[in-house]
Amino acid sequence: MPPTKRTKRNLTITITSSSNHHYQASASVETIINNDDLLTEILLRLPIKSLLKFKAVSKHWLSLISNPIFSHRLRLVCILISGLFVRRFTLRVNNPEYDFINLESNPSRAPFKSLTFVNDSYGIKVLQSCNGLLLCSSSRAYQPRRNYYVYNPTNKQYTILPRLHVDRGIFRSIFGVNLAFDPSKSAHYKVICVRNCDSLRDGHYQIEIYSSKTGPWRLSGGSFTAPSVINFRGGVFWNGAIHWVSTHGSSLYFDVDQEKLREMPMPPIPDEWEERRHQYFGESRGHLHLIEIYGPCTALFNVYEMKTDYSGWFVKYRVDLGGVTDVFPEMIRTYLDPEDLHYYGYSILCVVREENDDDSYLVLHLPKKAVRYNLKDRTFKKLHDVAPAGNQAEDESALQFRWFDAFQYTESLACV
């Protein structure tokens with residue numbers, strides 16, 4: 001009987017990453033399976049949804065993909081915003097509903113319409129998104145009964161945070177809860193809570209911190225004062241700190257690692273104005289952006305970016321929406337004076353920075369639609385149709401969302 005001839009099985013793999021880079025390798029199946037470094041390099045270039053499926057291939061693949069080091073490396077090569085969750089106005093007593101504005105070239109299914117990952121009798125709402133994780137809370141519960149959650153909508157993992165402290169039977173008011181998560185530095189996250197010191201002194205606050213690494217809530221530093229109009233609910237995580245803006249007086253940021261509170265410089269307010277008109281405040285790809293619009297023509301405005309050393313803001317982009325109004329005239333409220341601040345009906349949902357800055361863009365909400373506006377060449381296209389809320393059906397210029405209703409969705413394997 002002639003000897004059996006064995007041929008070595010070779011595998012040629014071509015992978016297109018999310019940034020359209022092509023990788024090709026030719027190797028035996030056995031070589032790839034038995035070489036964790038080579039297998040890891042291949043897996044790192046696959047879409048997150050594929051990685052979730054490949055966890056079921058074997059226990060070994062499950063171990064590789066679930067390893068925090070793998071998640072850390074994945075974050076370094078995959079920082080694209082897949083879409084925006086936008087909270088719809090609803091009269092429902094329980095869970096708020098969310099539209100999903102897809103920002104990818106290949107449309108994907110919305111991760112959720114409402115949050116039902118845990119049975120909360122008060123419903124669940126999103127408070128903040130941060131690098132793939134969502135900070136959520138009970139939607140309509142009175143503060144002492146409110147639960148807080150950290151949820152990963154990609155792998156459906158969640159954790160229920162411990163209840164905040166009650167001192168001598170007195171529950172101190174919560175002014176804001178914010179999430180700090182940088183997977184490029186750590187697999188762990190922190191939650192920052194701003195509360196009043198006691199019920200007798202207005203404008204005096206304290207910070208409590210929860211760490212997914214160390215566990216319970218703890219007090220951080222002493223008390224501090226801040227303007228009563230500072231928006232502690234709308235904190236933005238950037239550069240290792242939580243940032244809060246105020247319409248009057250000082251804006252602040254809290255360095256999460258050093259646990260130091262500092263004043264954040266702000267652009268000057270025009271002489272004829274007494275307060276700031278924030279129209280957007282957010283982070284994208286390691287850049288902190290601010291938009292304030294004062295008129296007289298609100299279709300013209302600047303996008304500011306903060307310097308990493310906090311020495312000040314600079315104008316990164318100049319925006320002219322004149323071309324948008326030509327194509328979508330329904331955003332013009334003809335019943336108002338052209339110099340009225342509300343003459344143009346639009347809101348800014350997100351500033352999205354791309355690897356190639358020529359591709360960076362705004363996501364704008366116009367009446368009944370969302371539009372992508374390129375910040376370099378000023379081209380634009382419709383992204384999404386927005387169904388009007390029940391009480392807005394007859395108002396052609398009505399808007400449903402502003403930037404604080406929009407939450408970035410970044411696919412992530414982070415464990416919570």
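Residues numbered from 1 in each chain as written. Predicted model: local features only at pLDDT ≥ 70, side-chain atom pairs only at ≥ 80, totals over all residues. Heavy atoms only, no water.

- An unreviewed UniProt entry lists the protein under the name F-box protein, with Citrus sinensis as the source organism.

1. Quick word on the side chain of H289
- Along the chain, the position of H289 falls in strand 18 (residues 287-292).
- Owing to a relative accessible area of 0%, H289 belongs among the buried residues under this scheme.
- For H289, the side chain forms a polar contact with the side chain of R353, separated by 2.9 Å.
- If near-sequence neighbours (up to four positions away) are discounted, H289 is found in contact with Y280, F281, G282, S284, V303, Y304, E305, W313, V351 and R353. (Helix = DSSP H or I, 4+ residues; strand = E, 2+ residues; numbered from the N terminus. Buried < 20%, exposed > 50% of the residue type's maximum accessible area, 1.4 Å probe, protein only. Polar contact = N/O pair within 3.5 Å; in protein donor to acceptor, adjacent residues only side chain to side chain. Contact = heavy atoms within 4.5 Å.)

2. Quick notes on the pairing of strand 18
- Within strand 18, five of the six residues are buried, leaving the element largely enclosed by the surrounding structure.
- As defined by bridge partners, strand 17 (residues 278-284) adjoins strand 18 across six bridges and the pair is classed as antiparallel. Residue pairing in the sheet places E283 in a bridge with L288 of strand 18.
- Hairpin remark: strand 17 followed by strand 18, antiparallel, with two residues in the connecting loop; positive phi at R285, about 50°.
- Pairing analysis gives two bridges linking strand 18 to strand 19 (residues 300-306), with the strands arranged antiparallel. Each residue of the ladder has a partner; that of L290, found in strand 19, is Y304. (Pairing = 2+ DSSP bridges.)

3. A few points about the environment of A299
- With respect to the helices and strands, A299 occurs in the loop between strand 18 and strand 19.
- Using a relative accessible area of 4% as the deciding quantity, one classes A299 as buried.
- The spatial distance from the C-alpha of A299 to the C-alpha of Y343 is 9.2 Å, given a sequence separation of 44 residues.
- Sequence-distant contacts of A299, defined by excluding residues within four places in its chain, comprise V319, D320, L321, Y344 and Y346.

4. Describing the side chain of R276
- Assignment of secondary structure puts R276 in the loop between strand 16 (260-264) and strand 17.
- Only 3.0 Å separates the side chain of R276 from the side chain of E292, close enough to count as a polar contact.
- R276 has contacts with S246, T247, M266, P267, I269, E292 and Y294, leaving out every residue within four places of it along the chain.

5. Observations concerning the sheet that holds strand 16
- Taking strand neighbours across the sheet as the criterion, the four strands line up as 13-14-15-16 in an open arrangement whose pairing is antiparallel. Whereas interior strands pair on both sides, the edge strands pair on one side only; in this sheet they are strand 13 (236-238) and strand 16. Here the average twist between neighbouring strands, direction ignored, is 30°.
- Both strand 13 and strand 14 (residues 241-244) contribute to a ladder of three bridges, which runs antiparallel. Paired with W238 across the bridge in strand 14 is A241. (Axes fitted to C-alpha atoms, helices over the stretch in contact; angles between N-to-C directions.)

6. Things to note about the packing of aromatic side chains
- Inspection of the entire model under this criterion finds 21 aromatic pairs.
- A centroid spacing of 5.5 Å and a plane angle of 85° characterise the contact between F117 and Y149, whose relative ring orientation is edge-to-face. Placement of the pair is F117 in the loop between strand 4 (98-102) and strand 5 (124-130) and Y149 in strand 7 (residues 148-152), with a sequence separation of 32 residues. The same class applies to F117 and to Y149, which are both buried. (Phe/Tyr/Trp six-rings, centres within 6.5 Å; stacked < 30°, edge-to-face > 60°.)

7. Focus on the sheet that holds strand 4
- The three strands lie next to each other as 4-3-25, forming an open sheet whose pairing is antiparallel. Among the strands making up the open sheet, the edge pair consists of strand 4 and strand 25 (406-409). Averaged over all pairs of adjacent strands, the angle between strand axes in this sheet comes to 25°, irrespective of strand direction.

8. Things to note about the packing of helix 2 (residues 36-43) against helix 4 (residues 59-66)
- Relative to each other, helix 2 and helix 4 sit at 65°, their axes nearing to 11 Å. Classed by the angle they form, the pair helix 2 and helix 4 counts as roughly perpendicular. Considering only the axes of helix 2 and helix 4, their crossing is right-handed. Residues D36, L39, T40 and L43 of helix 2 pack against H60, W61, L64 and I65 of helix 4.
- Class assignment for the residues of the contact of helix 2 with helix 4 results in five nonpolar, two polar and one charged. (Parallel < 35°, antiparallel > 145°, perpendicular 65-115°, else oblique. Left-handed = near helix turned anticlockwise from the far one by under 90°. Nonpolar A, V, L, I, M, F, W, Y, C, P; charged D, E, K, R; others polar.)

9. A few points about the pattern of salt bridges
- Using the criterion set out here, one finds eleven salt bridges in the structure.
- As a salt-bridge pair, R88 and D99 come within 3.1 Å of each other at their nearest N and O atoms. Within this pair, whereas R88 is found in the loop between strand 3 (83-87) and strand 4, its partner D99 is found in strand 4, the two being separated by eleven residues in sequence.
- Two residues, R353 and E305, come together in a salt bridge whose shortest N-O distance is 2.9 Å. Of this pair, R353 sits in the loop between strand 21 (347-352) and strand 22 (361-366) while E305 sits in strand 19; the two residues are 48 residues apart in sequence, bridging distant segments of the chain. Assigned by exposure class, R353 and E305 land together as buried.
- Sharing partners across several salt bridges, the network here consists of E305, K316, R353, D357 and K376. (Salt bridge = Lys/Arg side-chain N within 4 Å of Asp/Glu carboxyl O.)

10. Thoughts on unusual backbone geometry
- Between G295 and the following residue, P296, the backbone shows a cis peptide bond with an omega angle of 10°.
- Looking at where P296 falls in the secondary structure, it is placed in the loop between strand 18 and strand 19.
- Despite not being glycine, N239 shows a phi value in the positive range, around 60°.
- Along the chain, the position of N239 falls in the loop between strand 13 and strand 14.
- By relative accessible area, which is 40% here, N239 ends up partly exposed.
- For R378, which is not glycine, the phi torsion reads 65° and is therefore positive.
- Within the secondary structure layout, R378 lies in the loop between strand 23 (369-374) and strand 24 (380-385).
- For R378, a relative accessible area of 40% corresponds to the partly exposed category.

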